[in-house]
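# Working through the structure, step by step
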Amino acid sequence: MTRPDYAEKIPNNVGLAEDRRLQRALESWQPDFLSWWETMGPTLPTQDVYLRTAIDVRGEGWAQFGHVPMIDYRWGIFLADKNPDRRIAFGAHKGEPAWQKVPGEYRAELQRLIVIQGDTEPASVEQQRNLGATAPSLYDLRNLFQVNVEEGRHLWAMVYLLHAYFGREGREEAEELLHRNSGSQDSPRILGAFNEETPDWLSFYMFTYFTDRDGKYQLGTLKESAFDPLSRTCEFMLKEEAHHMMVGTTGVDRVVERTAQVMVENDTDDVAALGVIPLPVIQKYLNFHYSVSLDLFGGETSTNVANYYTAGLKGRWLEERRKDDHKLTDDAIMVDALIDGDIAQTEVSALTGLNTDLRREYIADCSGGVKRWNRILEEAGLSQRLYLPHVAFNRKVGAFAAIEASPTGEKLPAGEWAARKGEWLPTEVDKTFVRSLMRPVYERGKIAAWVAPPRNGINGQSFDYDYVHLA
Ligand SMILES: [Fe+2]
Ligand SMILES: [Fe+2]
């Protein structure tokens, strides 16, 4: 495996220089990407940002850190090392060598999977573009921009596959990825959660915790793909994603920590007037971001996904660690369902229930965050706790889209839902309050009053490091 070549116009470890046609095609997409970045990317003017750039795909030293102007970030194409003996781990082709080319019969499906993944990457950059104006610290500002440039790189990762393996249609799809925009009336992003706003930093932390984590699980299934270039691309993307998860997890930690501190110091739950976010408001934001992220996993059952699995296009989370036949033709799974209008479960074939399998892994992972945040409350000596709402709560996709349910999983008549939903989801009053706290703090070593400072800086630097130089 070649080390990424940074002398190239497009840094890469895929031997782009040896494929002139592909190189030219990507070099002609590059200016479109850059103009998309300038018009739809971060709005806060900066001189440079302390960013991590991938320089290798393995080992400890895979990234280097330094101050770079964001527009000069080296967005590149990096695939994890190739295992020449890799075999397909599941489905009807289990045991056969992984594919280095796209099989004709699966071309349309593979292209669709890549486009859907690719669409989420620039979408989140668009959703987060104005957050720089209200960053609580230079450390947070830097993390926001790091996430943004890497989501831009993930777009590159998908565009590379489209250009390299899907011909003219792939190139057209690559253009479309820059033309759809988050929240646009005419050409919105493909998935619902990616058209929601990220108007404040509590939303940003919740988004990077819950919605980026959905991305982690989707990438995990594509990493298992029989189509080896897709698998290797996703493997490396997952490495970068770990930082995005960290931003979300510790971001919510720090909000909870600060709120708990002010509650204890003042011996009150009513902390809004003291300039921090009350726990019930944090819970409402959590409810919102968790429920819209559950929707991203699709319906409880799906014959498309069953077919993707059998064909080898998309596996399960940690497929190779599963102790079964990896074909699932005789297995069954219990999935959420509406039975006679009630919240219940039903048994379906394991193949059709694969979305449920993935969502379950995701939910288990999410409960880890809640446990952490509750430990912070416990250590502060508080009795309040945060929780994940019931899977039927606030769903727009799947079995429970047709009903309304409370966070504890009680089915509600429409009137009661309408009357009570403000107890569970952020209201205009809550959002306005949270926004009122969002005033930028750009001084080195300083932080906004509604959030605690991080325990550690980035790459061994201290919290008061000059992570960002504003323009
Ligand atoms: Fe991403
Ligand atoms: Fe991400």
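Provided above is the structure to which this section pertains.
Notes on the structure in this doc start here. These figures come from a predicted structure and were not determined experimentally. (Residues numbered from 1 in each chain as written. Chains lettered and ligands numbered in written order. Predicted model: local features only at pLDDT ≥ 70, side-chain atom pairs only at ≥ 80, totals over all residues. Heavy atoms only, no water.)

Let us now look at the overall build of the chain. When helices and strands are tallied, the chain shows 11 helices and seven strands. A compact globule built from 471 residues should have a C-alpha radius of gyration of about 23 Å, and the chain, at 23 Å, falls within 12% of that. Here the chain, with 471 residues, has 56% of them falling under the buried criterion. In the chain, the proportion of contacts linking residues at least 24 apart, taken out of those at least 6 apart, comes to 72%. Carbon and sulfur atoms provide 48% of the accessible area of the chain, an area that totals close to 19400 Å². (Helix = DSSP H or I, 4+ residues; strand = E, 2+ residues; numbered from the N terminus. Rg over C-alpha atoms; globule rule 2.2 N^0.38 Å. Buried < 20%, exposed > 50% of the residue type's maximum accessible area, 1.4 Å probe, protein only. Contact = heavy atoms within 4.5 Å. Areas by Shrake-Rupley, 256 points an atom, 1.4 Å probe, with all protein chains shown as cover.)

With that settled, the discussion passes to the environment of Asn 130. Within the secondary structure, Asn 130 sits in the loop between helix H2 (107-127) and helix H3 (138-165). Judged by relative accessible area, which is 49%, Asn 130 ranks as partly exposed. A distance of 3.2 Å separates a polar atom in the side chain of Asn 130 from a polar atom in the side chain of Thr 43. (Polar contact = N/O pair within 3.5 Å; in protein donor to acceptor, adjacent residues only side chain to side chain.)

Within the first shell, the iron ion (ligand 2) binds the protein through Glu 151 (OE), Asp 212 (OD), Glu 241 (OE), Glu 241 (OE) and His 244 (ND1), at distances of 2.0 to 2.5 Å. Sequence positions of the residues that donate to the iron ion (ligand 2) give the spacing E-x60-D-x28-E-x2-H. The metal-metal distance between the iron ion (ligand 2) and the iron ion (ligand 1) comes to 3.5 Å, with Glu 151 coordinating both. Of this pair, Glu 151 sits in helix H3 while Asp 212 is found in helix H5 (residues 201-223), placing the two residues 61 residues apart along the sequence. With respect to class, Glu 151 is no different from Asp 212; both count as buried. (Donors = N, O, S within 2.8 Å, 3.2 Å for Na, K, Ca; no water.)

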